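Examining the three-dimensional arrangement
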Amino acid sequence: MEMETKWFTNGPIDLEVKVQGEGPLILCVHGWPELWYSWRHQMDYFASRGYKVAAMNVRGYGGSSHPTDIESYTMKNLASDVASVAVSLSKTPVILFGHDWGAPIAYQSALLYPEVFYAVAGLSVPYMPQNDQSSIDLWKEIYANRFFYQLYFQEKERAERELEQDVRESLRIIYHSLSGDAPDKEWLKEKPVNSGLLDALESPTAYANWLTREDLMVYVEAFKASGFTGPINRYRAQVLDPQESPQLIGKRLEQATCLIAGSKDPVRHFISGTDLYQDVGNFCDDFREATIIEGAGHWIQQEAPEKTNQALHEFIISL
């Protein structure tokens, strides 16, 4: 089924969106460090089942605009992009799929634009309400005197210099370290607080079954062109979110939602001694189901596309 590239504007921001199929709209939002391409298996699956499936490049990624200031990457601004694309493509309310950062962006979009979005499938990251304390403050407490990638990202330009030195190798290591193919807790292994992101992480010796050389090069070429500043600025903008959207502090998610995640996803263990995939519906008014796919890691819709598509389909037909 033919795929189109469409362009939309949200104020000064240009947004590149891939669109496939006809029917009710499903809008897909990717995470870090990815592209619309991470939804390729879902686009084929749902377009062949009577849906129009759109996968956007979030600002900072691919052909979309790459502002360099941190403020451009607050949740409020990213949600505004998502709503703008949804309204441009559909006259009726829309289903959202979000993975990694795309999941919180999707949740925030649903909170801020309830008339636009009626259901949200979150992949990898469960819904948690905005706190009056930023996530960065939380990570500083939990990872005091230890390396944690989100704290490492706070220093301007340091991570960019490391990752852009060899984009292909950087992405190979990142994708491997967060996947189900990596040793347990590879991404969260203990290392000195002044380490680099890639220090001590295992470099894969072969291409994964779920990420061919051709797949990898789609990402590599995009990040060679765009750099990493925009994507990493999302991590830096976390400190701005509570003050920019105070009305969302403690707010429950009203729309129908579900969680799909891999049993080996490092996100599950971000807080030591806590399983973040337990009781995931606590802050949701209409939580349908949690699907934890055994053996899969963080890149759930690419590592286990058939099981992910099945869970997404069951969620949609439950609406």
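Note: the structure precedes this text.
Residues numbered from 1 in each chain as written. Predicted model: local features only at pLDDT ≥ 70, side-chain atom pairs only at ≥ 80, totals over all residues. Heavy atoms only, no water.

Topic: helix H7 (residues 167–177)
Filter applied, for reference: Each residue gets one of three labels from its accessible area relative to the maximum for its type: buried under 20%, exposed over 50%, partly exposed in between, using a 1.4 Å probe on protein chains only. Numbering of helices and strands runs from the N terminus, with a helix taken as a DSSP run of H or I at least four residues long and a strand as a DSSP run of E at least two residues long. A contact between two residues is defined here by any heavy atoms of the two lying within 4.5 Å.
Counting buried residues in H7 gives nine out of eleven residues, a clear majority hidden from the surface. For H7, the set of buried residues is Val167, Ser170, Leu171, Arg172, Ile173, Ile174, Tyr175, His176 and Ser177. Among the structural elements, helix H6 (158–164) and helix H8 (213–226) are those in contact with the buried residues of H7.

Points about the layout of surface pockets
Formally: Cavities and pockets were defined on a 1 Å grid built over protein atoms only: a cavity is a set of grid points that admits a 1.4 Å probe from which the probe cannot escape, a pocket is an open set flanked by protein on both sides within 12 Å along at least five of seven lines, and lining residues are those with an atom within 4 Å of any such point. Grid points are joined across faces, edges and corners, and a volume is the space filled by probe spheres set on the points. Classification convention: Asp, Glu, Lys, Arg as charged; Ala, Val, Leu, Ile, Met, Phe, Trp, Tyr, Cys, Pro as nonpolar; all other residues, Gly among them, as polar.
Its boundaries defined by the atoms lining it, the largest pocket holds a volume of some 900 Å³. Sorting the residues of the lining of the largest pocket by element identifies helix H3 (102–112), helix H4 (135–142), helix H5 (149–152) and helix H9 (229–236) as the ones contributing at least two each. Ranked by residues supplied to the lining of the largest pocket, first place goes to H3 with four residues. Of the voids in this model, the second largest pocket is the one considered here, and its volume is about 160 Å³. Taken together, Arg172, Tyr175, His176, Ser179, Asp181, Pro204, Ala206, Tyr207, Ala208, Trp210, Leu211 and Leu216 form the lining of the second largest pocket. Each residue belonging to the lining of the second largest pocket can be placed in one class, and the counts come to eight nonpolar, two polar and two charged.

Topic: the packing of aromatic side chains
Threshold: Pairing of aromatic rings covers Phe, Tyr and the six-membered ring of Trp, with a centre-to-centre limit of 6.5 Å; geometry is then stacked below 30 degrees between planes, edge-to-face above 60, and tilted otherwise.
This model, assessed by the stated rule, comprises 27 aromatic pairs. Ring geometry for Trp39 and Phe97: centres 6.2 Å apart, planes at 40 degrees, overall tilted. Here the residue Trp39 occupies a position in the loop between strand E3 (25–29) and helix H1 (40–47), and Phe97 occupies one in strand E5 (residues 94–99), the gap between them amounting to 58 residues. The same class applies to Trp39 and to Phe97, which are both buried.

Some thoughts on the environment of Gln42
Here Gln42 shows up in helix H1. Here the alpha-carbon distance between Gln42 and Gln302, two residues 260 residues apart in the chain, equals 9.1 Å.

Structural notes on the pairing of strand E2 (residues 13–20)
What counts, and what does not: Whether two strands pair depends on DSSP finding at least two bridges between them.
Of all eight residues making up E2, seven are buried, and the element is well covered by its neighbours. Here strand E1 (residues 3–10) runs beside E2; their pairing, made up of eight bridges, is antiparallel. Within E2, the residue paired with Asn10 across the bridge is Ile13. Here E2 runs beside strand E4 (residues 52–56); their pairing, made up of four bridges, is antiparallel. Bridge assignment links Gln20 to a residue of E4, and that residue is Val53.

Description of the pattern of salt bridges
Just so we agree on the cut-off: Salt bridges are identified by distance alone: a Lys or Arg side-chain nitrogen within 4 Å of an Asp or Glu carboxyl oxygen.
Summed over all chains, the structure comprises 14 salt bridges. With a shortest N-O distance of 2.9 Å, Asp275 and Arg268 are connected by a salt bridge.

A closer look at empty space enclosed by the protein
All told, the structure shown has two cavities of 30 Å³ or more when counted by the stated rule. Within this model, the largest cavity holds a volume of roughly 70 Å³. Looking at the largest cavity, it is lined by 13 residues, and the ones nearest its centre are Val58, Tyr61, Trp101, Ile105 and Arg234. Per element, the largest residue contribution to the lining of the largest cavity is three residues, and it comes from H9.

Structural notes on the side chain of Ser84
With respect to the helices, strands and loops of the structure, Ser84 is situated in helix H2 (residues 75–89). Relative accessible area serves as the criterion here: at 16%, Ser84 is assigned to the buried category. Setting aside anything within four residues of it in sequence, one finds Ser84 in contact with Thr9 and Asn10.

Here we look at the sheet that holds E1
The condition that has to hold: Note on method: axes are straight lines fitted to C-alpha atoms, helices fitted across the in-contact stretch only, with angles between N-to-C directions ranging 0 to 180 degrees.
In spatial order, the strands read E1-E2-E4-E3-E5-E6-E7-E8; together these eight strands make up an open sheet with mixed pairing. Because the sheet does not close on itself, it has two edges, and the strands there are E1 and strand E8 (284–293). Taking each pair of neighbouring strands and ignoring which way they run, the sheet shows an average axis angle of 20 degrees. Examined bridge by bridge, E5 and strand E6 (residues 117–123) share six bridges and lie parallel to one another. Looking across to E6, one finds that His99 is bridged to Leu123. Most of the contacts of H3 go to E6, to which it runs at about 160 degrees, and overall it touches E3, E5, E6 and strand E7 (253–262).

Digging into unusual backbone geometry
Trans peptide bonds make up most of the peptide bonds, and negative phi angles are found at most residues other than glycine. Following Trp32, the chain continues into Pro33 via a peptide bond in cis, with omega recorded as -15 degrees. As for its placement among the helices and strands, Pro33 is situated in the loop between E3 and H1. Of note, the phi angle at Asp100 is positive, near 55 degrees, even though the residue is not glycine. Relative to the elements of secondary structure, Asp100 occurs in the loop between E5 and H3. Judged by its relative accessible area of 9%, Asp100 is buried. The backbone of Asp279 shows a phi angle near 55 degrees, a positive value even though the residue is not glycine. For Asp279, the position within the fold is in the loop between E7 and E8.

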